[in-house]
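Coordinate analysis (summary)
Chain residues, written in single-letter form:
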Amino acid sequence: MTEHLDKLPFEEYCKTVFNKDTLAEKPECLKGYRVLSCTQYILGPCAAAYLGELGAEVIKIEVPRLGEPMRHCSPYNEPWFYPVSRWNPGRGTSPAFQGANHNEYFVTLDYRKPEAKEIFYGLVQKTDAMVWNYRPGTFDRWKIGYGACKEVNPRIVLAWCGGFGGFGPGRNWASYDILGQAKGGVFSFTGHRAGRASAGFPSKHTTWIMDYSIGMLVSTAMLAGLYWRDTVSNLGNYFECSQVQGSTRYTEYGLPLWGRMGIVRMRWGNWDTEICVNGICKCGLSSYPHSDHPAEQEEGYICVQAYTDEDFAKLMNLIGRPDLGKKFATHDDRVEAKAQEEIYPAIEEFLKDKTKEEANRVFSGAGIISQPLLTCREAANTEHWLERGALGWYDDPYYGDVFTQKVIYKMSETPPRLKHVHRPVGCDNEEIYQRVCGLSSEQIRELEAKEII
Amino acid sequence: MSDDLKKEVQEAPLLWPLNPIPTFEEVYDPKICTEASREISTVFEGWLHPKHEMAKPEALGKIRVLECGHGGLQCNTMQGGGYLAELGANVIMVEPPGGSPIRKLTAFGRKRYMFKDNINGDLCGGTFLHECRNKQSITLDLTSAEGREILKKLVVHADVLIENYAPGQFDAWGIGYRQLSKINPRLIYVWNGQKGQWGPLTDQPGELYPSSPCSSGWCHATGLPKSFGGTPLRAGERADDILCGNLTAHATCAALIYRDNVSGKGQFVEVTSAEAHLRIHDYAWGWYGVDGSSKPRYGNWDLAINIYSVNPCKDGYMMVGGGHDRLWYRIWKTVGKDRPELEDMILDEPTLRVVIDRVGHDQQVKTLVCLTDWMKDWTREECRAKLLEEEVAAGGVSFLDEVAEEPHYKYRGMVRGLDTAHYGKVLFCGSVFYGHRTPGRVKDLGRPVGFDNSDVYRKLLGFDTDKLNELYTKGLI
């Protein structure tokens with residue numbers, strides 16, 4: 001087998017070991033680990049979902065009946081996946097819930113009810129890791145926080161994630177993704193500066209990136225904790241990851257620059273402060289002038305990268321401005337603000353009579369790196385993503401054919417995989433409470449009737 | 001150190017903090033916080049405050065990582081390696097002789113924004129210093145066969161190798177996963193890139209951020225709609241390299257667990273930033289699947305939640321969030337204290353009464369125009385104080401000077417200065433991994449080129465002074 005792989009050209013080799021059609025034939029990375037997800041919205045749920053993709057048994061606990069709030073926020077109130085639960089057949093779950101809850105089991109439990117405590121401790125006893133994102137102190141007030149959990153299960157790895165963290169002057173502040181972006185700093189230097197393409201608004205990132213990306217780090221913390229437990233200490237652990245801090249952690253040279261020079265990193269639009277040419281340029285023509293979608297009617301955009309001396313000279317010749325090629329021959333010359341203000345408009349002048357596809361053909365033909373800006377619809381139909389299994393249609397056992405994001409990365413031996421996008425609220429009460437907690441069907445029905453689960 | 005340089009160090013103090021860091025007594029003053037709140041917070045503080053971190057073990061203390069991501073200007077391996085190093089792994093950065101080209105990057109090419117090495121006077125950019133925390137720096141010429149032989153010897157001692165060279169480059173050089181796994185079957189080999197090392201849009205040599213968010217629909221969906229005067233936007237920071245780094249740390253930890261618990265063997269991992277963007281692009285794909293919709297740009301508002309947006313106020317931009325009834329009515333109660341007519345206008349509007357009815361575009365416009373009409377009279381801090389009274393999540397868009405001075409961040413040690421051996425005092429953001437037993441931590445920031453050559457090559461490969469000198473002379477390290 002390996003000999004055969006050794007002889008393949010590199011690309012074929014990658015296609016073989018990362019083949020999306022053979023995922024199910026390979027072992028799962030985290031098989032045998034159980035994770036409790038006491039979470040809502042995105043930040044906590046996605047941290048658990050990443051582990052679920054790797055094969056951990058993730059049990060998501062929601063409030064009985066309606067489930068968590070993220071199920072109920074849908075863009076324009078338009079797309080829904082029915083039903084939200086067997087108690088609410090007329091309502092649906094939003095696609096926003098999908099990406100953050102892959103492969104999980106869905107149970108319900110009302111933590112505040114006294115009867116719930118014992119059930120919860122039962123779950124904690126048989127769990128390897130747990131994540132929650134209620135406001136700091138909430139779980140401790142209900143006596144199900146770290147202090148209580150480590151008494152019940154000294155080997156449990158807990159992770160709390162949320163806005164500002166459990167101690168310090170801002171410990172009671174609530175947070176959301178865009179508050180993280182705003183208060184952490186990345187919001188302030190994303191967007192156009194005043195005077196160019198717009199009035200210079202700072203801009204949010206389109207996705208809930210501070211939720212999803214800090215979720216990756218929360219998930220990493222849990223994995224590191226599990227690794228340390230299983231190979232070093234046999235001890236549990238407690239992590240706290242603050243969303244705002246993530247946003248500040250991503251500011252690159254921003255803090256060193258302020259701390260030493262007293263200079264505040266500011267917005268620089270679609271260009272790059274440190275490398276030139278590396279930016280997004282406007283093409284003059286739309287690829288879909290007759291579309292009824294406003295974002296498709298508008299002009300196309302293309303990302304151009306020609307930052308080595310050689311590539312830059314080539315690009316300037318291509319756009320008919322060899323003078324600029326000579327004027328800004330070195331990296332230091334062209335990365336200056338004034339130089340960028342001459343170079344990018346010259347490129348846009350050249351692109352004035354082209355669509356992004358034409359521009360891409362011209363650049364590629366000349367050996368310049370370029371990437372047209374794809375709309376979400378175009379990305380969803382890009383062969384590359386479908387072939388690699390990053391996006392695609394999925395025959396979900398509950399919701400039928402759904403189009404969805406699939407796995408976060410590729411592994412040759414224990415690849416992450418998608419088993420179901422999510423399930424209705426309380427769908428697995430029977431399965432989990434029987435198998436894990438040893439409750440009988442009758443007890444489960446009784447608890448459901450009392451809305452404890 | 002020459003006298004001139006000594007003087008320069010003294011004259012480059014940290015301009016931080018401008019205001020003193022709050023003390024324990026100030027934060028938990030009984031006048032401003034309840035007994036119960038103080039009690040629980042001090043428990044958290046005892047478990048988690050970074051001031052205790054150096055006395056605790058490190059989760060990945062026994063792991064060694066080779067970070068070979070410095071052949072070009074992609075910054076993704078630097079991020080992933082940084083997180084692993086915060087968690088305690090011994091991360092060895094392998095740079096080309098002369099140093100990583102990323103060291104030279106500085107905003108607008110301005111040398112005055114760079115950090116000067118007190119000892120040899122070399123300049124280093126802030127990004128490199130900030131991200132290369134806790135790492136050892138060695139140099140090695142991977143373009144030469146002899147250099148690659150040395151890398152193979154280092155791989156024997158490594159658990160993880162991370163690289164971001166052009167697709168297939170390492171394989172062609174005889175140091176790809178196929179070859180290295182024969183030398184060290186326990187090796188976890190992670191490739192980082194923009195769009196992938198196979199498939200129709202395979203990365204071109206030299207491809208950088210932000211090509212990946214452009215190819216995933218992310219840039220097209222960021223920014224204001226054209227009708228509002230906007231265009232598609234990239235993130236100010238290298239969001240895609242950062243995501244790729246986050247997932248590299250994640251994949252590495254997962255593969256280590258599998259290796260040490262189950263298989264005893266490493267594996268080949270591929271992490272790309274475009275796929276990270278696709279994976280986290282919230283409802284875009286599910287929505288497309290339902291009715292073919294293409295997620296549009298919606299500026300600083302959110303298509304799925306009303307109110308969850310950033311809008312102008314008196315001195316900048318202000319984030320307010322509260323989509324469901326509990327918070328929604330608190331927001332309007334706050335507004336109503338100053339502008340009762342605005343509160344009435346919202347409460348009287350029948351189409352704004354039910355949560356899911358509020359996300360229509362007209363409803364968003366109506367809501368946010370009213371909210372902004374109230375906010376325009378108040379500064380970010382005033383708006384925030386008023387909204388916090390009602391426990392609404394709110395906050396101004398902060399510039400980095402304000403972030404650096406935020407008392408909460410200073411108190412938690414999240415923003416702090418580190419006295420580095422070569423670059424003087426540097427302000428940085430601490431590790432995200434606050435932990436009880438194995439906290440992440442920052443022990444050092446980026447180091448000078450080849451700083452650890454002697455240490456690493458002697459310790460791992462047994463090279464002596466003669467051998468090292470020979471390698472220096474040949475230009476291999």
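Residues numbered from 1 in each chain as written. Chains lettered and ligands numbered in written order. Predicted model: local features only at pLDDT ≥ 70, side-chain atom pairs only at ≥ 80, totals over all residues. Heavy atoms only, no water.

1. With respect to the overall build of chain B
In terms of regular secondary structure, chain B is built from 21 helices and 14 strands. In terms of principal-axis extent, the alpha carbons of chain B reach across some 85 × 55 × 45 Å. Residue burial in chain B is summarised as follows: out of 477 residues, 65% are buried. Considering only residue pairs separated by 6 or more positions, chain B has 71% of its internal contacts joining residues 24 or more positions apart. Of the charged side chains in chain B, 56 are positive and 63 negative, and the gap between their average positions amounts to 4 Å. (Helix = DSSP H or I, 4+ residues; strand = E, 2+ residues; numbered from the N terminus. Buried < 20%, exposed > 50% of the residue type's maximum accessible area, 1.4 Å probe, protein only. Contact = heavy atoms within 4.5 Å. Lys, Arg positive; Asp, Glu negative; His and termini not counted. Charge placed at Lys NZ, Arg CZ, Asp CG, Glu CD.)

2. Focus: the overall build of chain A
Helices and strands together make up the secondary structure of chain A, namely 20 helices and 12 strands. In chain A, which comprises 453 residues, the proportion classed as buried is 67%. A fraction of 67% describes how many contacts in chain A between residues 6 or more apart in sequence connect residues 24 or more apart. If you sum the accessible surface of chain A, you get close to 14700 Å²; carbon and sulfur atoms cover 51% of it. Each charge class in chain A was averaged separately, 51 positive and 58 negative side chains, and the resulting centres sit 5 Å apart. (Areas by Shrake-Rupley, 256 points an atom, 1.4 Å probe, with all protein chains shown as cover.)

3. Considerations on the nonpolar core
One finds A:Phe120 and A:Met130 to be the most contacted residues of the largest nonpolar core, which totals 184 residues. Per-element accounting of this core gives the leading share, 14 residues, to helix H8 (residues 209-233) of chain A. In terms of nonpolar packing, the next biggest core, distinct from the first, is built from 39 residues, A:Leu8, A:Val17, A:Phe18 and B:Leu154 among them. (Core = buried A, V, L, I, M, F, W, Y, C linked by side-chain atoms within 4.5 Å.)

4. A look at the sheet that holds strand S1 (residues 64-68) of chain B
Taken together, seven strands build an open sheet; the order of strands is S12(A)-S8(B)-S7(B)-S6(B)-S1(B)-S2(B)-S5(B) and the sheet is mixed. Either end of the sheet is taken by a strand with one partner, and the two such strands are strand S12 (410-411) of chain A together with strand S5 (136-139) of chain B. Bridge count for strand S7 (residues 188-193) of chain B against strand S8 (residues 268-272) of chain B is five bridges, and the pairing is parallel. Note that in S8(B) the partner of B:Trp191 across the bridge is B:Glu270. Along the sheet, helix H11 (residues 239-263) of chain B contacts S12 of chain A together with strand S6 (160-163), S7 and S8 of chain B; its crossing angle with S7(B), the most-contacted strand, is approximately 165°. (Pairing = 2+ DSSP bridges. Axes fitted to C-alpha atoms, helices over the stretch in contact; angles between N-to-C directions.)

5. Looking at empty space enclosed by the protein
As enumerated under the stated definition, the model contains nine cavities of 30 Å³ or more in all. There is about 90 Å³ of room inside the largest cavity. As for the largest cavity, its lining consists of 14 residues, of which A:Arg265, A:Trp271, A:Thr273, B:Arg234 and B:Gly236 are closest to the centre. Looking at the lining of the largest cavity residue by residue, the classes come out as five nonpolar, three polar and six charged. (1 Å grid on protein atoms, 1.4 Å probe; cavity = no way out; pocket = protein on both sides within 12 Å on 5 of 7 lines; lining within 4 Å. Points joined across faces, edges and corners; volume = space filled by probe spheres on them. Nonpolar A, V, L, I, M, F, W, Y, C, P; charged D, E, K, R; others polar.)

6. A look at the confidence of the model for chain B
Low pLDDT marks stretches whose predicted atomic positions should not be read closely. With 97% of its residues at a pLDDT of 70 or more, chain B shows a mean pLDDT of 94. At the level of chain-chain contacts, confidence expressed as ipTM amounts to 0.97, with global pTM at 0.97. (pLDDT = per-residue confidence, 0-100.)

7. What to know about the pattern of salt bridges
For the coordinates displayed, the defined rule picks out 77 salt bridges over all chains. Between B:Glu275 and A:Lys410 there is a salt bridge, and its shortest N-O distance comes to 3.2 Å. Of the two residues, B:Glu275 is situated in helix H12 (residues 273-279) and A:Lys410 in strand S12; the pairing between them involves two chains. By the burial criterion, B:Glu275 is buried, and A:Lys410 matches it. Linking B:Glu405 and B:Lys410 is a salt bridge whose minimum nitrogen-to-oxygen distance equals 2.7 Å. There is no split in this pair, since B:Glu405 and B:Lys410 are both buried. Bridged by salt links that share partners, the residues B:Arg339, B:Glu341, B:Asp373, B:Lys376 and B:Asp377 form one connected network. (Salt bridge = Lys/Arg side-chain N within 4 Å of Asp/Glu carboxyl O.)

8. Some details on the environment of B:Leu347
All names here are of chain B. Tracing the chain through its elements places Leu347 in helix H15 (residues 340-347). Measuring from C-alpha to C-alpha, the distance between Leu347 and Asp141 comes to 69 Å, with 206 residues separating the pair along the chain. In this structure Leu347 touches Tyr329 and Arg353, once residues within four positions along its chain are discounted.

9. Remarks on the layout of surface pockets
Its volume calculated, the second largest pocket comes out at about 630 Å³. If you trace the second largest pocket, you find 32 residues lining it, with A:Tyr307, B:Gly71, B:Gly72, B:Leu73 and B:Gly206 closest to the centre.

10. Brief notes about the sheet that holds strand S8 (residues 301-305) of chain A
Residues and elements named next belong to chain A. The strand order across the open sheet built from three strands is S7-S8-S9, with neighbouring strands paired in antiparallel fashion. The open sheet has two edge strands, strand S7 (278-282) and strand S9 (369-372), and neither has a second partner. With direction set aside, neighbouring strand axes in the sheet form an average angle of 25°.

11. Description of the packing of aromatic side chains
As enumerated under the stated definition, the model contains 47 aromatic pairs over all chains in all. Pairwise contacts between aromatic rings join A:Tyr111, A:Phe120, A:Trp132, A:Tyr134, A:Phe139, A:Trp142, A:Tyr146, A:Tyr238, B:Phe44 and B:Trp47 into one cluster. One Lys or Arg, B:Arg358, reaches over the ring of B:Trp328 and ends 4.0 Å from the middle of that ring. (Phe/Tyr/Trp six-rings, centres within 6.5 Å; stacked < 30°, edge-to-face > 60°. Lys NZ or Arg CZ within 6 Å of the ring centre and 35° of its normal.)

12. Let's talk about the pairing of strand S11 (residues 400-405) of chain A
Residue and element names in this part refer to chain A. Inspection of the sheet shows strand S10 (residues 391-396) paired to S11 by six bridges, in the antiparallel sense. Bridging from a neighbouring strand, Asp396 pairs with Gly400 of S11. Here S10 folds back onto S11 in antiparallel fashion, the turn holding three residues.

13. Here we look at the interface of chain B and chain A
For an interface, size is often stated in terms of accessible area lost upon the parts coming together. With 195 residues of chain B at the interface, the matching set in chain A holds 188 residues. Together chain B and chain A conceal approximately 17000 Å² of surface at their shared face, both sides included; 64% is due to carbon and sulfur atoms. The interface formed by chain B and chain A holds 17 salt bridges in total. Inspection of the chain B/chain A interface yields 95 residue pairs in polar contact (both at pLDDT 80 or more). Of all the elements, H11(B) adds the most residues to the side of chain B that touches chain A, at 17 residues. Relative to S8(B), S12(A) runs antiparallel, the two being bridged by two bridges. Each residue of the ladder has a partner; that of A:Lys410, found in S8(B), is B:Glu270. (Buried area = accessible area lost by both parts, 1.4 Å probe. Polar contact = N/O pair within 3.5 Å; in protein donor to acceptor, adjacent residues only side chain to side chain.)

14. Notes on helix H20 (residues 453-461) of chain B
All names here are of chain B. Within H20, the full set of buried residues consists of Asn453, Val456, Tyr457, Leu460 and Leu461. Down the axis of H20, the buried side of the element spans an arc of 90°, and every buried residue falls inside it. Of the residues trailing H20, Gly462 is marked for its positive phi of about 70°. (Arc of directions from axis to C-beta.)

15. Some remarks on helix H14 (residues 325-338) of chain B
For the α-helix, the turn length of 3.6 residues means that residues three or four positions removed from each other point alike. Under the 1.5 Å per step criterion, the end-to-end length of H14(B) is 21 Å for 14 residues, consistent within 8% with the ideal 20 Å. Contact partners of the buried residues in H14(B): strand S10 (316-321), H15, helix H16 (361-375) and helix H17 (380-389) of chain B. (Expected span 1.5 Å × (residues − 1).)

16. As for the side chain of B:Ser212
Residue and element names in this part refer to chain B. Considering the arrangement of structural elements, one finds Ser212 in helix H9 (residues 211-215). Of the residues examined, Ser212 reaches a relative accessible area of 0% and is grouped as buried. A polar atom in the side chain of Ser212 sits 3.5 Å from the side chain of Ser273. If sequence neighbours within four positions are ignored, Ser212 has contacts with Gln194, Asp240, Ser273, Ala274 and His277.

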